[in-house]
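# Observations on the model geometry
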Amino acid sequence: MKRGRRVIGIDPGLAHTGFGIVDASSSGLKLVSYGVIETAAGEDHSLRLLSIYNRLLAVLDEFRPDEAEMEALYFARNVTSALAVAEAKGVVTLCLAQQAVPLTMYTPNQIKSAVTGTSSADKETVEQYVKLLLHLKTVPRPDHAADALAGAITHIHTTRCATLAGGAS
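Reading the values: rules and limits
- What you see as residue numbers is a count from 1 along each chain, following the sequence as written.
- Note on the predicted model: pLDDT of at least 70 is required for a residue's local features to be given, and 80 or more for side-chain atom pairs to be given and counted; whole-chain, interface and lining totals, by contrast, use all residues.
- For side-chain calculations, the full set of non-hydrogen atoms in the structure is used, while hydrogens and water are omitted.
- Think of it this way: any DSSP run of H or I at least four residues long counts as a helix, any run of E at least two long counts as a strand, and we number them from the N terminus.
- The cut-offs for exposure are 20% and 50% of the maximum accessible area for each residue type, with area from a 1.4 Å probe on protein chains only; residues under the lower value are buried, those over the upper are exposed, and the others partly exposed.
- Contact criterion: two residues are considered in contact whenever any of their non-hydrogen atoms come within 4.5 Å of each other.
- The accessible surface values rely on the Shrake-Rupley method and a 1.4 Å probe; as for residues, cover is taken only from the protein chains in view.
- Buried Ala, Val, Leu, Ile, Met, Phe, Trp, Tyr and Cys residues form a nonpolar core when they are joined through side-chain atoms within 4.5 Å.

## Examining the overall build of the protein
- A count of helices and strands for the protein gives five helices and five strands.
- Secondary structure elements in the protein, listed N-terminal to C-terminal, are β-β-β-α-β-α-β-α-α-α.
- Expressed as a percentage of the 169 residues in the protein, the buried residues total 42%.
- For the protein, restricting intrachain contacts to residue pairs at least 6 apart in sequence, the fraction spanning at least 24 positions comes to 62%.
- Element-wise, carbon and sulfur atoms account for 56% of the exposed surface of the protein, whose accessible area totals about 8800 Å².

See the structure below:
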């Protein structure tokens, strides 16, 4: 299968930033790579953010995605963890902008709906659909990587539908 569009999905977090890279072409979706950028809780906060930046930059340099997806920030009960996620999102956004990779954000419900067909799907159902849509033998682990792949699939499906709708006029 030819490469076609390459999309990176990113599930940001201070401790774990998941990434998933998917190629899309007329013949379907193809998994390219996935993983998690981890930082240690005991490490200086600013160094953790710098580590996310540097390691994501290495991923972008290696895989050269055309587009990026990241989950839109939602309100959380724990303000401290929400702030840390927001900081990680800022670092990811900066890294993508510096590499001229266009970023689109989707809500959790948009991701669930695009991947499974229903916005009420639970995490395990989304992971199973990611496995099926990418023709994998097992669910991608850890879950942060599976979430990132779900985001990449969402972006591909959403923009493909928008392109088809725009072309029908």
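## A short note on the nonpolar core
- Ile8, Ile52, Leu56, Val92 and Leu96 are the most contacted members of the largest nonpolar core, which totals 23 residues.
- Mapped by element, the contributors of at least two residues to this core are β1 (5-11), β2 (16-25), α1 (45-63), β4 (67-71) and α2 (79-98).
- Counting residues per element, this core draws most heavily on α1, at eight residues.
- Ignoring any residue separated from it by four or fewer positions in sequence, one finds Leu96 in contact with Ile10, Leu60, Ala68, Val101 and Leu103.
- One finds Val22, Val115, Val126 and Ala150 within the second-largest nonpolar core, a separate group that totals 16 residues.

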